[in-house]
Amino acid sequence: EALQEEALVLADFFRNSRVRERDLSHSGWSLRTVKAPVLSAPEKYAWKRELQLFQAQNLPEATFGHNCVEFRHDASGVRLSFCALEALRGWLATGTEPPR
């Protein structure tokens, strides 16, 4: 149910915003980038819930949450994807203090 709700939010986001997607292929690799606006206040609240942040913990002021970069090697099926939410999940898993 949560995944379905997230999919609907993302579909609405892409339909109603200034999102730029670019695709490029070279030497068997495909590159896809998505450039989107900063998260809105409701989106930041949803991210804080998703990341289980305490009230005093905050996301960066300007979180470009829907930006991503994806590399795919077509022959092998290898895929490398980088996005803000996964980066923040990885940082939280380390238990380190945020940079100042």
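This text gives an overview of the structure that appears in the document.

Reading guide: rules and limits
- Residues numbered from 1 in each chain as written.
- Predicted model: local features only at pLDDT ≥ 70, side-chain atom pairs only at ≥ 80, totals over all residues.
- Heavy atoms only, no water.
- Helix = DSSP H or I, 4+ residues; strand = E, 2+ residues; numbered from the N terminus.
- Buried < 20%, exposed > 50% of the residue type's maximum accessible area, 1.4 Å probe, protein only.
- Phe/Tyr/Trp six-rings, centres within 6.5 Å; stacked < 30°, edge-to-face > 60°.

### What about unusual backbone geometry?
Most peptide bonds are trans, and most residues other than glycine sit at a negative phi. Phi angles above zero are rare outside glycine, and serine 27 is one such case at about 50°. Here serine 27 lies in the loop between β1 (20-26) and β2 (29-35). Exposure remark for serine 27: the relative accessible area of 60% places this residue in the exposed category. Despite not being glycine, glutamine 52 shows a phi value in the positive range, around 55°. Checked against the element boundaries, glutamine 52 lands in the loop between α2 (41-50) and β3 (68-73). The class of glutamine 52 is exposed, set by a relative accessible area of 66%.

### Some thoughts on the packing of aromatic side chains
Throughout the structure, instances matching the rule amount to 1 aromatic pair. When the centroid spacing of 6.4 Å and the interplanar angle of 80° are considered together, the rings of phenylalanine 71 and phenylalanine 82 count as edge-to-face. Taken as a pair, phenylalanine 71 in strand β3 and phenylalanine 82 in strand β4 (residues 78-83) lie far apart in primary sequence, 11 residues in all. Phenylalanine 71 gets classed as partly exposed once you look at its relative accessible area, which sits at 31%.

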